[in-house]
Each structure stands twice: as C-alpha cells, then as structure tokens.
Amino acid sequence: MITVALLAFAFAGLCGVYRLLKGPSLPDRIMALDLLLTSLMGAVVIDAVRRQDTSYLVLPVVLAIIGFTATVAAARFVEDEERFGSGAVNR
Amino acid sequence: MTVVAHFLLVFGGLLAVVAGVGAVRFSTSYARIHAAGIASPISFLVAGLGGIIELDLVGAGYIVIAALAMLVTLPIGAHLLCRAVHRATDNAHLRIDDLTAAEHRREPNET
C-alpha cells in the first residue's frame, strides 16, 4: 500500500516536470518546481514511515522553508520585470 | 501499520495526484498555480497525519514543524505568483478583474 502512495507522489513529481518543461510562462515553471518540492517532502515522510526511521525527517522542514524563499524571490523577480528587464516573462 | 495510517498515506498520495493533474490540465496560469499551490500542501498534511500516527514523538514533531512551516509560507508564495502573473500578462481572458479596478482607484504614486 505504501508503494501506491509513493507512486502517487512520484506521479505528482512527473506532472511537475511536465509543467516545468512545457510551462508557457515563468510563473508556471516556478510553481512546477514548488510542486516538485512538495511531492518530494511527502515522499520523504512516506519513506520515513515505511522504514520506521525518523533521521531523514529534517528534510521536509528545510524544504518547506527553502521552497517558500525561492518562490517568493522568483515571484519578486517576475513581478518587477521592468526593473530587472530580463525579458524572461513573455507578455 | 494501522489501517488508518495506510488509508491516510494513500489518500495523501491521491491528493498529490490531484495536484499534479490540476497543474497539468488547467488552461490558464492562475488555475494552474491555484491547483498546485492549494492541493499540494493538503496532500502533505494528510500524508503527514498518517506519518504522525505511525512514527514516534521525534518524527511526529518534525512533521508538525514542517506542516506548520508549509502552511504559513506556501499560500504567500502562491499569492505572490498569481500577482506576478497578473502584472506580467494582459489579463484579457478575465471576466471579473477586481485587482485592476482596485489598482486604478489607488493614487498613482502609491506602489
């Protein structure tokens, strides 16, 4: 049963990779990466339950903080397009 | 492994599948960011709840901290992303657009 849950989180990661490659605009790609991070966090929790070992459970905490910081930084970059002027955002 | 924990873990996985399918299938950028930004933390919460039941106190503590950190931070990221999309694209497809109306009512010098 646990492998079903792991496969489900892997599928969510695959959807994130698909959206990352295809995503028309930059914010889509940022959210795809965030989806990847979240599914990785869930997979780590499920793996910790499967092995009854809590040593790796620090990883979701770190990923939650880092994922948020990266999303906010990237969103600020996408938003102030005229100040940074990189043209990354297709109008 | 109790039945409840099994069910919670698999249900968290299903919610992650919902988040993934939502991120892929939706047409507009807003809907995709909304799907990924809302369904994925809930999938982590449900899977974490299954984990809390199973693991000892240390593991449960880590999961609770991660869940709290995610609950506080991910909505802010999703909100900022949606605002970035709103400013970056010409929202012609939006039937009801309150943000543009609100922005016009503000004084021009206010950021």
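Residues numbered from 1 in each chain as written. Chains lettered and ligands numbered in written order. Predicted model: local features only at pLDDT ≥ 70, side-chain atom pairs only at ≥ 80, totals over all residues. Heavy atoms only, no water.

Some remarks on the packing of aromatic side chains
All names here are of chain B.
Then comes step 1: Inspection of the entire model under this criterion finds one aromatic pair over all chains.
Then comes step 2: Aromatic pair F7 and F11: ring centres 5.7 Å apart, planes at 5°, arrangement stacked. Residue F7 and its partner F11 are located together in helix α1 (residues 3–25), separated by four residues, close to a single helical turn.
Then comes step 3: For F7, a relative accessible area of 53% corresponds to the exposed category. (Phe/Tyr/Trp six-rings, centres within 6.5 Å; stacked < 30°, edge-to-face > 60°. Helix = DSSP H or I, 4+ residues; strand = E, 2+ residues; numbered from the N terminus. Buried < 20%, exposed > 50% of the residue type's maximum accessible area, 1.4 Å probe, protein only.)

Observations concerning helix α1 (residues 2–22) of chain A
Then comes step 1: Taking 1.5 Å per residue as the helical rise, α1(A) with its 21 residues ought to reach 30 Å, and the 30 Å between its terminal C-alpha atoms agrees with that figure.
Then comes step 2: Among all positions in α1(A), only I2(A), A5(A), A8(A), F9(A), A12(A), G13(A), C15(A), G16(A) and R19(A) are buried. The buried residues of α1(A) occupy an angular sector of 150° when the element is viewed end-on, so they sit on one face. Of the exposed residues in α1(A), the ones pointing more than 90 degrees away from its buried face are L7(A), L14(A) and L21(A).
Then comes step 3: The elements touched by buried residues of α1(A) are α2 (26–51) of chain A together with α1 and α2 (29–54) of chain B. (Expected span 1.5 Å × (residues − 1). Arc of directions from axis to C-beta. Contact = heavy atoms within 4.5 Å.)

Remarks on the pattern of salt bridges
Then comes step 1: Counting across every chain of the model gives four salt bridges over all chains.
Then comes step 2: The shortest N-O distance in the salt bridge between D28(A) and R32(B) comes to 3.0 Å. With D28(A) in helix α2 and R32(B) in helix α2, the pair connects residues from two separate chains. In this structure, D28(A) and R32(B) share a single accessibility class: buried.
Then comes step 3: Measuring nitrogen to oxygen at the nearest pair gives 3.2 Å for the salt bridge that ties D53(A) to R51(A).
Then comes step 4: Residue classification places D53(A) among the partly exposed residues on the basis of a relative accessible area of 23%.
Then comes step 5: A relative accessible area of 39% means that R51(A) is categorised as partly exposed.
Then comes step 6: Here the salt bridges do not stand alone but share partners, grouping D47(A), R50(A), R51(A) and D53(A) into one network. (Salt bridge = Lys/Arg side-chain N within 4 Å of Asp/Glu carboxyl O.)

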